[in-house]
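This is what each chain is made of:
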Amino acid sequence: MTSAFELRHLLGLQGMAAGTITELLDLATRMKEIGERPIKKVPSLRGKTVCTLFVEASTRTRTSFEVAAKRLSADTMSLTATASSLTKGETLLDTAKNLEAMGPDIIILRHSAAGAPHFLSRHVRAAVVNAGDGRHEHPTQALLDLFTIRERLGRLAGLKVAIVGDIANSRVARSNIFALGAMGARVQVSGPGTMLPPGLEQLGVTVHRQIESAIAGADVVMMLRIQKERMGSDLFPSDREYFRRFGLTRERLRLAKPNVLVMHPGPINRGVEITADVADGPESVILDQVKNGVAVRMAVLYVLAQRTTSDLQPAAGDAP
Amino acid sequence: MTILKRLPRSAPSRETSSGRLVVTDALLLDSGDGSAPERRAFIAIEAGMIAFVSSELPSEWKGAPRVDAAGAWVLPGFICLRTHVGEPGYEWREDVATASLAAAAGGFTTICATPDTNPVNDVRAVTEQLMTRAAGAEGATVLPVGAATRGLEGRHLSEMGDLESAGCVAVSTGDVSVESGQMMRRILEYARSINLRVFTSPAEVSMTRGGLMNEGLASLRLGLPGVPAEAESVAILRDGILSRLAEWPLHFQRVSTAAGVRALEHLAELGIAFTADCTPHHLWFDETAVAGFDAVTRVMPPLRSDRDVAALRGAVASGLISVIATDHSPRTRLEKWVEYSEASPGTTGLETTLGALLELVRRGALPRAAVLRALTRGPADVLGRADLGRIAAGARADLTLVDAGTPWRVEGARLRTRGENHLFEGAALTGLTRSTIVAGRLVDVDDSEAEEVKCAYR
């Protein structure tokens, strides 16, 4: 097993060992405690520079990373750009090289293209954290989901986790499927046929045509945001029909275990994928997820910063 | 292991006073059709044609300049039905001169230039410009392929008659199928009336658009939008059936999937005439190569599954796919050092095809006879050229001398192409071109001049 402290970058959770994930979650538990102190700051990353480069809009994730970096006393800089302004002029590589000239230890990249963090990691010295790349992965989101489940239910192995929504196009679903699978949870997915690509079973999940059978007996129900901006007219006919067929209502939730957790990566479309009373109900841990996001991201920054101190290698050209 | 891939600069010089050239001690291989059993012979060349092939050299030929083929296979010059020469419009990637030399370095004596240039080769003027540039090229012969529709947009027929009379050897629908079935039917009917071959790269447009890799387990893991194999099989079946309606055979380019192979088998069962090609990279790589998001692995059609690779090899072995075409698509580093979705698809191929295929032969993955035929006689038959793809008296003196057993490792910087996107970079291949003879002329593919041109563009 690779120790979390041996990670050079955090590009995704595919293939990450259970022990590594556990190590990160354990560390996040200690980080969470810092956030509950009257003075929410430790000097661990003093003198380190953390840069967020968001080439796709996201206020929440960027803020969460920045809070995490600041609680560890890192200096932060932030760069946002739309993908279009990048393609018009500077390439991603040029932008990153310019950033690098300012000497960041860690670059946190959000990008609409799958694989952009992998590409960047081959060309810069800094550690790269994937803060969401296209439809590929969103590793810190999945880590905070796992953290929240473990905190509430005490374990991950053997749990039944239902994930409902646009599995085909969701990086949150993908990272969760990889990480929950590694931790021994059983993942059951559901959504309209257009959002369940053929061969999903090969990722180790069970596929349910009806939401009811996916959430029956579930310990956790994770609802995905319906991404209107990503939808062609060919994925589903209307919000209304989506809600009727796949929306999480109180009646449907009764099929799950009594102490079920309801999760959502946010932002929520109330009345589309989830009713307001479920989103705000006692089963909902949606705000816990946001809170835990800071702790998990502190843990990630902490381990990567240790690595950049001891191992400042030159960038390895374009070799994978 | 690294072998300097440099062809001899040596005499005889290109202009021989008598216009004669003799290839001595040539080992001729049976390329699968029984026309040339394995034997040693002299090949006598005069005025660009093969005068005779004989075990004895008549005394009046004794003084002719010679190329010593001892130890080499002597094969008909290879023919590529799909090369992107970059000209006009994309000269930073390649031009006719560099493509022609890169082709010769890879053993090709004839390359067919795709029409997806800027401007598109859909009018006589572009074809004529290409013909002029081709006449000055020092390596392989360049034959233009015209666009079947104006701008390759699939909406209006191009002036195919004009294209044909200006020198186009075929028309093509471009990188994807024609969207409208009726338009495809009209293309075939019209091409039949002027006896022009039609090339199509089967890809149902609406299922292909936006796709970055093969749809399958790998795309599921990587979250990249996929192109399903069915986009290919659906297009093969539709256009195959339309070609029967129009009574004009199609040539399918870049078949890449097991589903596509099954569709071709189905057409054959229906008695529909067609020919088909595939690329060397689809015979070698599968979709797992994409895992690190290195944009060099972005090609169209995308790299498919290992099952697809196996099916393609089977189809080449059986002759169902009778042609291997490089789909040489040079790009600069700048066009590949970007996000995967932003990268321009394609890989170079002219100089790695022979080595890749002979390595697959060495491993037992492909039969030698089928491979050699797919580079020579197969494409010559598609073009309807009885004077190409064979070694016999009266054929054009296009010959390739191959050191078939030489192992080498691909180093992109040493290749003659201006392209910098080599999917085979670092691969261990088998077999090098020793010399290439185009129309009786020994090609000097020494790369020092090409290197200067390359530098000027960087």
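About the criteria used
Residues numbered from 1 in each chain as written. Chains lettered and ligands numbered in written order. Predicted model: local features only at pLDDT ≥ 70, side-chain atom pairs only at ≥ 80, totals over all residues. Heavy atoms only, no water. Helix = DSSP H or I, 4+ residues; strand = E, 2+ residues; numbered from the N terminus. Rg over C-alpha atoms; globule rule 2.2 N^0.38 Å. Buried < 20%, exposed > 50% of the residue type's maximum accessible area, 1.4 Å probe, protein only. Contact = heavy atoms within 4.5 Å. Domains from an automatic or database assignment. Buried area = accessible area lost by both parts, 1.4 Å probe. Salt bridge = Lys/Arg side-chain N within 4 Å of Asp/Glu carboxyl O. Polar contact = N/O pair within 3.5 Å; in protein donor to acceptor, adjacent residues only side chain to side chain. Nonpolar A, V, L, I, M, F, W, Y, C, P; charged D, E, K, R; others polar. Phe/Tyr/Trp six-rings, centres within 6.5 Å; stacked < 30°, edge-to-face > 60°. Lys NZ or Arg CZ within 6 Å of the ring centre and 35° of its normal. pLDDT = per-residue confidence, 0-100. Pairing = 2+ DSSP bridges. Axes fitted to C-alpha atoms, helices over the stretch in contact; angles between N-to-C directions.

(A) Examining the overall build of chain B more closely. A count of helices and strands for chain B gives 14 helices and 19 strands. At 21 Å, chain B has a C-alpha radius of gyration in line with the 23 Å of a compact globule built from 458 residues. Principal-axis analysis of the C-alpha atoms gives chain B an extent of 65 × 50 × 40 Å. By the burial criterion, 61% of the 458 residues in chain B qualify as buried. For chain B, the proportion of contacts with a sequence separation of at least 24, taken over those separated by at least 6, is 77%.

(B) Quick look at the domain arrangement of chain B. All names here are of chain B. With domains assigned, chain B is organised as domain 1 (20-74 + 395-456) and domain 2 (75-383). For domain 1 versus domain 2, the distance between C-alpha centres works out to 25 Å. The interface of domain 1 with domain 2 comprises 40 residues on the first partner and 55 residues on the second. Of the roughly 3800 Å² buried at the junction of domain 1 and domain 2 (both faces included), carbon and sulfur atoms supply 58%. In this structure, the connection of domain 1 to domain 2 is made through three salt bridges. Along the contact surface separating domain 1 from domain 2 lie 27 residue pairs in polar contact (both at pLDDT 80 or more). Of all the elements in the fold, those that place two or more residues in the side of domain 1 that touches domain 2 are strand 5 (73-76), strand 17 (399-409) and strand 18 (428-438). Ranked by residue count, the leading element in the side of domain 1 that touches domain 2 is strand 18, at nine residues. When grouped by side-chain class, the residues that make up the side of domain 1 that touches domain 2 number 19 nonpolar, twelve polar and nine charged.

(C) Geometry of the packing of aromatic side chains. Within this structure, the stated rule accounts for eleven aromatic pairs over all chains. Each ring, one from Phe236(A) and one from Tyr242(A), has its centre 5.3 Å from the other, and the planes form 45°; the classification is tilted. Measuring from ring centre to ring centre gives 6.2 Å for Trp284(B) and Phe285(B), while their planes differ by 50°; the resulting arrangement is tilted. Exposure remark for Trp284(B): the relative accessible area of 18% places this residue in the buried category. Here a set of aromatic residues connected by ring pairs shows up, and it is made of Phe236(A), Tyr242(A) and Phe246(A). Positioned over the ring face of Trp73(B) is Arg368(B), at 4.9 Å from the centre of the ring.

(D) Representation of the confidence of the model for chain A within the structure. Confidence in the prediction of chain A, expressed as mean pLDDT, is 91, and 92% of residues score 70 or more. Confidence over residues 310-320 of chain A falls short of pLDDT 50; this stretch has 16 contacts with residues more than four positions distant or in other chains.

(E) Geometry of the sheet that holds strand 7 (residues 108-113) of chain B. Residues and elements named next belong to chain B. Pairing is parallel in the open sheet, where three strands are placed in the order 6-7-8. Looking at which strands have only one partner, the edges of the open sheet turn out to be strand 6 (78-83) and strand 8 (141-144). The average undirected angle you get between the axes of adjacent strands in this sheet is 20°. Strand direction decides the pairing type here: strand 7 and strand 8, joined by four bridges, are parallel. Bridge pairing links Ile-111 to Val-142 in strand 8. Lying on the sheet, helix 1 (residues 96-105) is in contact with strand 7 and strand 8; it crosses strand 7 at an angle near 140°.

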